Amino acid sequence: MTTTEAGSGVSVPSAGGGGEEPVVVGSLSPSRAGDFMTCPLLYRFRVIDRIPERPSAAAVRGTLVHAVLERLFDLPAGARTPAAALEMLGPEWERLLEAEPGLAELFEEGDAGEAERAEWLAQARRMVERYFTLEDPRRLEPAERELFVEAVLESGLKLRGYIDRVDVAPSGDVRIVDYKTGTAPRADFEARALFQMKFYALVLWRLRGRVPRLLQLMYLGNGEILRYEPDEADLRATQRKVEALWQAIRRAMDTGEWRARAGRLCDWCDHKERCPEFGGTPPPLPVGPVHRPSPADLEGSADPAGAGPGRGAGLGGGAREHDDL
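Everything numeric here is computed off the predicted structure, so don't read it as measured data.

Participant: Quick rundown of the overall build of the protein? Include the residues and the values.
Facilitator: Helix and strand content of the protein: eight helices and seven strands. The buried share of the protein, reckoned over its 325 residues, is 48%. Put simply, of all contacts in the protein between residues at least 6 apart along the chain, 72% involve residues at least 24 apart.

Structural data, given as structure tokens:
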């Protein structure tokens, strides 16, 4: 798929199509929707309490690889080679460090830390090289990269997020592409992996009035591609699911009941020490409406995926978050 026109972002006040603009009642991104589905208490820690989290080496590596693949398409088509992409890794890492010096603390000082950093960069190199086994960027001209999108549903729920890449064919068919630095999921986890992509497809459909033709997940961890062709029924079902999730979030806000849900990701959770599933105690919720953000503002200020254009380059301070771990 190719196109000759590029854009930097899309935002509309309403998905209602000409009616009175709905009042925004809340904001949700794929990242935070996924948090709530994984563990409502995790959503609370990240969005309500806004407890800082330590950046992980894997997450920062994902940010680095995404940055390289985004900027690869700044080059003329013929110059988009593996060697050119690999040459970007060092400068992009330095750019991330300059924007967020604390990332240097990912690795210890001394020979052991240097060896760890070298292996970390080598893994990033392998992911970039693997990308070229999946497609030839010299034959592509993406319509948009790192596209920030948001749309307000008729219910007043604002959906927002970043799309890694949008390709548009001469026929107008749209392909949404997302790079994953993890490995492809087993068949029984594919539906969860596709939820994020259907979320993005829903937003683009509401914005542009056309169902994207193809959703494509590119797994750079093992070189596999997951493709899915959505239809209008898929996206309507996704909208119902997203709105049901928001209603569940609102109930938790109203009742103050944020239940922990233990699972396979708990060992990597920064909040394990304060989780009741592991003998911890969550901090008290803010008292009184004066000190609590409105539902419409929650993700706008706390969710990296909802930071909007002009975000930081690293992982903190409202920076872009990738849904790929």
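There's plenty left to go through after this.
Participant: Which residues make up the packing of aromatic side chains, and what values do they have?
Facilitator: In this structure the tally under the stated criterion is 10 aromatic pairs. Ring centres of F36 and Y43 lie 5.8 Å apart, and the angle between their planes is 90 degrees; this geometry places the pair in the edge-to-face category. You can call Y43 buried: its relative accessible area is 0%. Considering the side-chain rings of Y131 and Y179, the 6.0 Å spacing of their centres and the 90 degrees angle between planes classify their relative orientation as edge-to-face. Of this pair, Y131 sits in helix α5 (residues 111-134) while Y179 sits in strand β5 (residues 174-180); the two residues are 48 residues apart in sequence, bridging distant segments of the chain. Of the two residues, Y131 and Y179, neither departs from the other in class, the shared state being buried. A cation over a ring is seen here: K272 above F278, with NZ or CZ 4.7 Å from the ring centre. A cation sits over an aromatic face here: R274 above F45, 6.0 Å from the ring centre.

Participant: Any chance you could break down the packing of helix α3 (residues 57-72) against α5 for me, citing the residues and the numbers?
Facilitator: Where α3 contacts α5, the axes come no closer than 10 Å and their chain directions differ by 40 degrees. It follows that α3 is oblique to α5 by the angle criterion. The handedness of the crossing between α3 and α5 is right-handed. Within the contact between the two elements, α3 uses A57, V60, R61, L64, V65, V68, L69 and L72 and α5 uses W120, L121, Q123, A124, M127, V128, Y131 and F132.

Participant: How would you summarise the nonpolar core if you had to cite specific residues and measurements?
Facilitator: Counting residues in hydrophobic clusters, the biggest one holds 51 residues, and the most contacted among them are L28, L159, I176, L204 and W258. Of all elements in the fold, only α1 (30-38), α2 (40-48), β3 (144-152), β4 (157-168), β5, α6 (190-208), β6 (214-219) and α7 (232-255) reach the threshold of two or more residues within this core. If you tally residues by element for this core, the top one is α6, at 12 residues. One finds L86, L103, L134 and V177 within the second-largest nonpolar core, a separate group that totals 29 residues.

Participant: Mind laying out a positive patch on the surface, listing which residues take part and the relevant values?
Facilitator: A cluster of like positive charges, contributed by R192, K241, R261 and R264, occupies part of the molecular surface. Along the chain, R192 falls in helix α6. Owing to a relative accessible area of 44%, R192 belongs among the partly exposed residues under this scheme.

Participant: Break down the environment of L265 for me, with residues and values.
Facilitator: With respect to the helices and strands, L265 occurs in the loop between α7 and α8 (298-302). For L265, a relative accessible area of 47% corresponds to the partly exposed category. For the pair L265 and C39, spaced 226 residues apart in sequence, the C-alpha to C-alpha distance is 9.8 Å.

Participant: Tell me about the pattern of salt bridges, and name the residues and values.
Facilitator: If you walk through the whole model with that rule in mind, you get 25 salt bridges. Here R95 makes a salt bridge to E92, at a shortest N to O gap of 2.9 Å. Separated by three residues within a single helix, R95 and E92 lie in helix α4 (residues 82-99), roughly one turn from each other. Residue R95 is classed as partly exposed on the basis of its relative accessible area, which comes to 27%. Classification of E92 as buried rests on a relative accessible area of 8%.

Participant: Explain the pairing of β6 to me, and be specific about the residues and the numbers.
Facilitator: Along β6, six of the six residues are buried, which leaves the element largely enclosed by surrounding structure. Side chains of β6 alternate between two faces, with L214, Q216 and M218 and L215, L217 and Y219 buried alike. Across six bridges, the pairing between β5 and β6 is parallel. The residue bridging K180 from the neighbouring strand is Y219, located in β6. With five bridges joining them, β6 and strand β7 (residues 224-228) adopt antiparallel strand pairing. Across the sheet, M218 pairs through a bridge with I225, a residue of β7.

What counts and what doesn't
- Residues numbered from 1 in each chain as written.
- Predicted model: local features only at pLDDT ≥ 70, side-chain atom pairs only at ≥ 80, totals over all residues.
- Heavy atoms only, no water.
- Helix = DSSP H or I, 4+ residues; strand = E, 2+ residues; numbered from the N terminus.
- Buried < 20%, exposed > 50% of the residue type's maximum accessible area, 1.4 Å probe, protein only.
- Contact = heavy atoms within 4.5 Å.
- Phe/Tyr/Trp six-rings, centres within 6.5 Å; stacked < 30°, edge-to-face > 60°.
- Lys NZ or Arg CZ within 6 Å of the ring centre and 35° of its normal.
- Axes fitted to C-alpha atoms, helices over the stretch in contact; angles between N-to-C directions.
- Parallel < 35°, antiparallel > 145°, perpendicular 65-115°, else oblique.
- Left-handed = near helix turned anticlockwise from the far one by under 90°.
- Core = buried A, V, L, I, M, F, W, Y, C linked by side-chain atoms within 4.5 Å.
- Patch = residues over 30% accessible without salt bridge, like charges linked within 9 Å, V, L, I, M, F, W, Y side chains within 5 Å.
- Areas by Shrake-Rupley, 256 points an atom, 1.4 Å probe, with all protein chains shown as cover.
- Salt bridge = Lys/Arg side-chain N within 4 Å of Asp/Glu carboxyl O.
- Lys, Arg positive; Asp, Glu negative; His and termini not counted.
- Charge placed at Lys NZ, Arg CZ, Asp CG, Glu CD.
- Pairing = 2+ DSSP bridges.

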